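Now for the letters of each chain:
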Amino acid sequence: MATAMAEHWTPSSWQGHDVRQQPPWPDAGVLAAATRELAAYPPLVSPADTDGLRVALAEAQAGRAFLLQGGDCAESFAEFSTENIRASHRLIADMADILAAASGLPVIRIGRMAGQFAKPRSTGEEEKDGRALPAYRGDIVNGIAFDEAARLPDPERMFRAYSQAAATLAHLKDLAASEGSPFYTSHEALLLPFEQALVRRDEPSGRYYGAWAHFLWVGDRTRFPGSAHVEFARGLANPIGIKCGPSLDPETLLRLLDRLDPDHAPGRITLISRMGHEGIADRLPPLLRAVGREGHPVLWSCDPMHGNTVKAATGYKTRPMARILAEVRDFFALCPAEGARAGGIHIEMTGQNVTECTGGAAMLTEQDLSDRYHTHCDPRLNATQAMELAQLLADMLRRSSRGAAAA
């Protein structure tokens, strides 16, 4: 990674920028003690593997690979088990096999696993029956139960998150080795004190890595100019994702790219579009044109989940499959129309048989949501729905590859 990336950067330089989406820690001394201890813990992923992912993503940018990124909205301590790890890994592997067969390309497999514990919130408090408590920000911060003790942010939870991530990674490595396919992990780099504690310097290269995931992304709520999260990501050698929602304008995106990838390094940046099915046709093309005009080497990926969340009449948050599939279709049509390569998909899903998203082949209704609604935050596709999405995408990739061959 070129030295311009880390110029005037340290793992703590984010502290001098606009810091948002952090919990109100009750005791700064306890937080500092926890992060000091974590700073001495071993890294969970290696620089070599992280660099390998960057090379693979550069291949995807060039049209020689495809990115499949998926997993839990928010990992929980309560649902941690060998069976759940296996189910999610199996689902990603099955989807990857379908996509590889259709496209003729190797599929890069990245899980939202082994670190996706923190979640941004639209408000700092949650209110029920006239009582307000701190918002649930993921198991790494506080508990989901609506009571004062559970909702108190607790730095000790970081140690359990680290341990669970380490165990998950160990099992994923075994599963990947048995199949002979690399498997990478990712999460939103949100909880900055914890992220800083897990930065490690690679002595041979002198580069800094976020050492508990191969791929990190900056969320739609934290990718603004002057952001502490952007400053933190700037100096890392990891591949970086940027969530691109409806409020992102072309000028801001170009400034972000100049900040995060001043050297135009292949494999460095993945842009994850999350516009919603109603807004993608208007909001995505200006971004595609701006990035193409400036020559930034990026990988465009589609997140059809976050822009399509609605509240059911039964009170549950859900995501209708029809809207999800519509956004995927539009994304993979709009990108080539603007001369950009649609090279990936980013979805929230689980190998468990949940009922959180409506529609699909099983025709789940809003009344079905209460049967097995287990998510700790946002609704996920179940295995059947995820495979249905993979099949739709495979059909589109197959037609695209035939068109390219004919041309």
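## What about the environment of Thr123?
So, point 1. By the element assignment, Thr123 lies in the loop between β2 (107-112) and β3 (125-128).
So, point 2. Accessibility expressed as a relative area gives 47% for Thr123, which makes it partly exposed.
So, point 3. Along the chain, Thr123 and Gln21 lie 102 residues apart, while their C-alpha atoms are 9.2 Å from each other.
So, point 4. Those residues in contact with Thr123, other than ones at most four positions away along the chain, are Ala135 and Arg137.
So, point 5. Within the local environment of Thr123, its side chain forms a polar contact with the backbone oxygen of Glu125, the two atoms lying 2.9 Å apart.

## Considerations on the layout of surface pockets
The method is simple in principle: a probe with the dimensions of a water molecule rolls over the atoms, and the space it marks as empty is what remains.
So, point 1. Volume-wise, the largest pocket comes out at about 890 Å³.
So, point 2. Along its surface, the largest pocket is lined by 35 residues, and Pro120, Arg121, Lys317, Cys377 and Asp378 are the ones closest to its centre.
So, point 3. Among the elements that line the lining of the largest pocket, the one with the most residues is β3, at 4 residues.
So, point 4. Counted by class, the lining of the largest pocket contains 8 nonpolar, 10 polar and 17 charged residues.
So, point 5. Here the second largest pocket defines a volume of roughly 420 Å³.
So, point 6. Along the wall of the second largest pocket there are 16 residues; nearest its centre are Arg341, Ala342, Leu397, Ser400 and Ser401.
So, point 7. For the lining of the second largest pocket, the secondary-structure elements that each account for two or more residues are α10 (321-337), β14 (342-348) and α11 (383-406).
So, point 8. Among the elements that make up the lining of the second largest pocket, the one with the highest residue count is α11 (5 residues).
So, point 9. Counted by class, the lining of the second largest pocket contains 10 nonpolar, 5 polar and 1 charged residues.

## Looking at the sheet that holds strand β11 (residues 298-302)
So, point 1. Overall, parallel pairing links the 8 strands, which are arranged β1-β2-β5-β8-β9-β10-β11-β14 in a closed barrel. If you compare each strand with its neighbour and ignore which way they point, the axes differ by 30° on average.
So, point 2. With 5 bridges joining them, strand β9 (residues 240-244) and strand β10 (residues 269-273) adopt parallel strand pairing. Paired with Gly241 across the strands is Thr270, a residue of β10.
So, point 3. Helix α8 (residues 250-260) rests against β9, β10 and β11 of the sheet, and its axis sits at about 170° to β9.
So, point 4. Contacts between helix α9 (residues 280-294) and the sheet are confined to β9, β10 and β11, with β11 contributing the most and set at about 170° to the helix.

## Some thoughts on the nonpolar core
So, point 1. Leu271 and Trp300 are the most contacted members of the largest nonpolar core, which has 74 residues in total.
So, point 2. If we ignore the near neighbours within four places in the chain, the residues touching Leu271 are Ile242, Cys244, Leu253, Leu257, Val291, Val298, Leu299, Trp300 and Ser301.
So, point 3. Counting 24 residues, the second largest nonpolar core, distinct from the first, contains Trp25, Leu31, Val45 and Phe194.

## A word on α9
Along an α-helix, residues three or four apart share an orientation, since each turn contains 3.6 residues.
So, point 1. Counted at 1.5 Å a residue, the expected span for α9 with its 15 residues is 21 Å, and the 21 Å between its end C-alpha atoms agrees.
So, point 2. Residues of α9 that are buried include every one of Ile280, Leu284, Pro285, Leu287, Leu288, Ala290 and Val291, and no others.
So, point 3. Where α9 is buried, its residues meet β9, α8, β10, β11 and α10.
So, point 4. Just past α9, the residue Gly295 takes up positive phi, approximately 75°.

## Looking at the packing of aromatic side chains
So, point 1. Throughout the structure, instances matching the rule amount to 9 aromatic pairs.
So, point 2. Here Tyr41 and Phe159 contribute two aromatic rings whose centre-to-centre distance is 6.0 Å and whose plane-to-plane angle is 50°, an arrangement assigned as tilted. On the criterion of sequence distance, the pair formed by Tyr41 in the loop between α1 (28-38) and α2 (47-61) and Phe159 in helix α5 (residues 157-179) is long-range, its members being 118 residues apart.
So, point 3. A relative accessible area of 24% places Tyr41 in the partly exposed class.
So, point 4. In this structure Phe159 comes out as buried when scored by relative accessible area, which is 12%.
So, point 5. One aromatic cluster in this structure is built from Phe77, Phe117, Phe194 and Trp212.
So, point 6. The residue whose ring lies beneath Arg20 is Phe224, and the NZ or CZ to ring-centre distance is 3.7 Å.

## With respect to the pattern of salt bridges
So, point 1. Enumeration according to the criterion identifies 28 salt bridges in this entry.
So, point 2. Between Arg109 and Asp97 there is a salt bridge, and its shortest N-O distance comes to 3.4 Å. Taken together, the residues Arg109 in strand β2 and Asp97 in helix α3 (residues 82-103) connect sequence positions 12 residues apart.
So, point 3. Shared partners join several salt bridges into a network, and the residues in it are Arg112, Lys119, Lys317, Arg319, Glu348 and Asp378.

## Quick look at empty space enclosed by the protein
So, point 1. Counted by the stated rule, this structure contains 2 cavities of 30 Å³ or more.
So, point 2. In this structure, the largest cavity occupies an estimated 220 Å³ of space.
So, point 3. Secondary-structure elements contributing two or more residues to the lining of the largest cavity are α3 and α5.
So, point 4. Here the lining of the largest cavity is built from residues that sort into 5 nonpolar, 11 polar and 5 charged.
So, point 5. Lining the second largest cavity, in full, are Gly115, Phe117, Ala118, Ile140, His187, Glu188, Leu190, Leu191, Phe194, Glu195 and Trp212.
So, point 6. Within the lining of the second largest cavity, the residues separate by chemical class into 7 nonpolar, 2 polar and 2 charged.

Cut-offs and rules
- Residues numbered from 1 in each chain as written.
- Predicted model: local features only at pLDDT ≥ 70, side-chain atom pairs only at ≥ 80, totals over all residues.
- Heavy atoms only, no water.
- Helix = DSSP H or I, 4+ residues; strand = E, 2+ residues; numbered from the N terminus.
- Buried < 20%, exposed > 50% of the residue type's maximum accessible area, 1.4 Å probe, protein only.
- Contact = heavy atoms within 4.5 Å.
- Polar contact = N/O pair within 3.5 Å; in protein donor to acceptor, adjacent residues only side chain to side chain.
- 1 Å grid on protein atoms, 1.4 Å probe; cavity = no way out; pocket = protein on both sides within 12 Å on 5 of 7 lines; lining within 4 Å.
- Points joined across faces, edges and corners; volume = space filled by probe spheres on them.
- Nonpolar A, V, L, I, M, F, W, Y, C, P; charged D, E, K, R; others polar.
- Pairing = 2+ DSSP bridges.
- Axes fitted to C-alpha atoms, helices over the stretch in contact; angles between N-to-C directions.
- Core = buried A, V, L, I, M, F, W, Y, C linked by side-chain atoms within 4.5 Å.
- Expected span 1.5 Å × (residues − 1).
- Phe/Tyr/Trp six-rings, centres within 6.5 Å; stacked < 30°, edge-to-face > 60°.
- Lys NZ or Arg CZ within 6 Å of the ring centre and 35° of its normal.
- Salt bridge = Lys/Arg side-chain N within 4 Å of Asp/Glu carboxyl O.

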